[in-house]
Amino acid sequence: MEVVLKAGRALELRPLRLADARALFAQVDANRARLRRWLPWPDANLSPTDSRAYILQMRTQAKAGLGQTFGLWWKDQLVGVAGFNWIDGANHSAAVGYWLAEEAQGRGLMTAAVSALLRHGFHGLGLNRIEIRAGLRNRRSRAIPERLGFRREGTLRQAEWVSGRYVDHAVYGLLAAAWKARR
Ligand SMILES: CC(C)(COP(=O)(O)OP(=O)(O)OC[C@H]1O[C@@H](n2cnc3c(N)ncnc32)[C@H](O)[C@@H]1OP(=O)(O)O)[C@@H](O)C(=O)NCCC(=O)NCCS
């Protein structure tokens, strides 16, 4: 059975389905300039067919237990994506990634979505460690783990090639024991 996560009254995280390809592509296309500042893939996502291929890849990854990617549905609109980019079952660890459409920014939606992912990861999947790597200069992205009690663990220099430049990553980690202690 597919997992649907609730994050407050108006926001739901639903596993991406092939039927979402058009809505997903429409958001990628409308937010392309913003997203490509921090994410490496928008330049390779040029049609609904590319979004379909991405969704298929994410569904295959989820079936193998190697990741979980959700569409963010707010007021019945697909407004972003968040999930576990990878899950390392042997080490009970996973990494969270996310993006939001511009119209949905600034309302706490992603903080709520990541908080729901933490509950699902630590509680539902039995993870011990969840990490977030955010661009060192990506203030909005870094604010999310900082709001949610992650510890800053270091910097990966020139960790990612994004839109013609290397981006340094700030690495944040949260352990199950620390998450449980905050509740
Ligand atoms: C990273 C990204 C998802 C952050 O979006 P965001 O809207 O700033 O994050 P949230 O949805 O958690 O909202 C937080 C904002 O809402 C405000 N807010 C309002 N109500 C809130 C609430 N109940 N709880 C938390 N924040 C709230 C916060 O003050 C903050 O705004 P501020 O930065 O002006 O102070 C978004 O900027 C994005 O998609 N960027 C491009 C892609 C990207 O960088 N992805 C990450 C790659 S590492």
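A. Structural context of the sheet that holds strand 6 (residues 129-135). Read from one edge of the open sheet, eight strands run 1-2-3-4-5-6-8-7, paired in mixed fashion. Both outer strands of the open sheet, strand 1 (5-7) and strand 7 (151-162), are each paired with one neighbouring strand and no more. Across the sheet, the mean angle from the axis of one strand to that of its neighbour is 30°, orientation sign disregarded. When strand 4 (residues 77-88) meets strand 5 (residues 93-100), the two strands line up antiparallel, connected through eight bridges. When the bridges of strand 5 are listed, Phe84 appears paired with Val96. Contacting strand 4 and strand 5, helix 1 (residues 21-30) runs over the sheet at an angle of about 95° to strand 4. In the packing of helix 4 (residues 109-124) onto the sheet, contacts are made with strand 1, strand 2 (11-15), strand 3 (68-74), strand 4, strand 5, strand 6 and strand 8 (165-175), and the angle to strand 1 comes to roughly 140°.

B. Structural context of the packing of aromatic side chains. Going through the model one piece at a time under the given rule, you end up with three aromatic pairs. With centroids separated by 6.0 Å and ring planes inclined at 50°, the aromatic side chains of Trp41 and Trp99 adopt a geometry described as tilted. Placement of the pair is Trp41 in the loop between helix 2 (32-35) and helix 3 (48-63) and Trp99 in strand 5, with a sequence separation of 58 residues. A residue is classified by how much of its surface remains accessible, and Trp99, at 8% relative accessible area, is buried.

C. Just the layout of surface pockets, in detail. The space that makes up the largest pocket amounts to roughly 1,300 Å³. Taken together, 46 residues form the lining of the largest pocket, with Leu39, Tyr98, Trp99, Asn138 and Ser141 sitting closest to its centre. Contributing to the lining of the second largest pocket are 12 residues, with Glu2, Pro15, Arg59, Ala62 and Gln68 lying nearest its centre. Listed by contribution, the elements that provide at least two residues to the lining of the second largest pocket are helix 3 and strand 3. Per-element tally for the lining of the second largest pocket: the top contributor is helix 3, with four residues. Split by residue class, the lining of the second largest pocket holds seven nonpolar, two polar and three charged.

Criteria and thresholds
Residues numbered from 1 in each chain as written. Predicted model: local features only at pLDDT ≥ 70, side-chain atom pairs only at ≥ 80, totals over all residues. Heavy atoms only, no water. Pairing = 2+ DSSP bridges. Helix = DSSP H or I, 4+ residues; strand = E, 2+ residues; numbered from the N terminus. Axes fitted to C-alpha atoms, helices over the stretch in contact; angles between N-to-C directions. Contact = heavy atoms within 4.5 Å. Phe/Tyr/Trp six-rings, centres within 6.5 Å; stacked < 30°, edge-to-face > 60°. Buried < 20%, exposed > 50% of the residue type's maximum accessible area, 1.4 Å probe, protein only. 1 Å grid on protein atoms, 1.4 Å probe; cavity = no way out; pocket = protein on both sides within 12 Å on 5 of 7 lines; lining within 4 Å. Points joined across faces, edges and corners; volume = space filled by probe spheres on them. Nonpolar A, V, L, I, M, F, W, Y, C, P; charged D, E, K, R; others polar.

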